[in-house]
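What the coordinates show
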Amino acid sequence: MKIDAQKLVAAAALAREASVSPYSRFKVGAALLTKSGEIIGGANVESASYGLTCCAERIALFKALTEGKRDFIAVAVVANCAGGPMPCGACRQLLAEYARDAKVFVADSDVLKKIRTFTVRKLLPSAFAPESLPGT
Ligand code: THU
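Note that this is a predicted model, so its numbers are computed, not measured. (Residues numbered from 1 in each chain as written. Predicted model: local features only at pLDDT ≥ 70, side-chain atom pairs only at ≥ 80, totals over all residues. Heavy atoms only, no water.)

**Comments concerning the sheet that holds strand β3 (residues 72–79)**
As a reminder of what qualifies: Only when DSSP finds a minimum of two bridges between them are two strands counted as paired. Here a strand is any run of E in DSSP of at least two residues, a helix any run of H or I of at least four, and the numbering for each starts at the N terminus. Helix axes use the C-alpha atoms of the stretch in contact, all axes being lines fitted to C-alpha atoms, and the angles between their N-to-C directions lie in the range 0 to 180 degrees.
With respect to topology, five strands assemble into an open sheet ordered β2-β1-β3-β4-β5, the strand pairing being mixed. Here the strands that pair on one side only, and so sit at the sheet edges, are β2 (39–43) and β5 (116–119). Going from strand to strand, the sheet's axes swing by 20° on average, the running direction of each strand aside. As defined by bridge partners, strand β1 (residues 28–34) adjoins β3 across seven bridges and the pair is classed as antiparallel. Residue pairing across strands places Gly29 opposite Val78, the latter belonging to β3.

**A closer look at the site of the ligand**
Cut-off, in case you're wondering: Here a residue is considered near a molecule or strand provided that any single heavy atom belonging to it is located within 4 Å of it. Within 3.5 Å is the distance limit for a polar contact, defined as a pair of N or O atoms, with the added protein rule that one can donate a hydrogen and the other accept it, and that residues adjacent in sequence qualify only through two side-chain atoms. The Shrake-Rupley method, run with a 1.4 Å probe sphere, supplies the accessible areas, and residue values consider only the shown protein chains as cover. Here the term charged refers only to Asp, Glu, Lys and Arg, the term nonpolar to Ala, Val, Leu, Ile, Met, Phe, Trp, Tyr, Cys and Pro, and the term polar to all other amino acids, Gly among them.
All residues in the neighbourhood of the ligand are listed as Ser24, Phe26, Val28, Asn44, Glu46, Thr53, Cys55, Ala56, Glu57, Met86, Pro87 and Cys88. Here an oxygen atom of the ligand sits 2.9 Å away from a polar atom, N or O, in the side chain of Asn44. Within the contact set of the ligand, an oxygen atom lies 2.5 Å away from a side-chain nitrogen or oxygen of Glu46. For the ligand, whose accessible area on its own is 370 Å², the fraction buried by protein is 78%. Here the residues of the shell around the ligand sort into seven nonpolar, three polar and two charged.

Below is the structure:
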């Protein structure tokens, strides 16, 4: 299946609008694409106990997983920063576990057409993802 990176980035930009980020005011949106063409969005949610904040990528992933979605082939992440936001280490781990073969598109919300492409494998080589643990 040919992946429409621009469409997925647009979905991430739309999801970003729902960001709940009163502390950092840094809005992030993410969108996952499944093999069957479904798109699941998410945005970052912050807590007054700052460490409890959850990134957009994980919100999207947790939403998708708990709706029974699997087989993610791509994820897009959008925020207002030069070149687009690179997923944090925690999100890379979760993506490596549940979206190990996915492509990763990142874009600045001001320049949605300029998309940088990575892979989950490239972002977290040698990930902790033992086959013996429940995974995908
Ligand atoms: N954030 C994400 O949503 N995704 C990332 O990959 C990096 C950071 C959020 C967490 C927090 O709400 C805000 O950006 C500032 O760190």
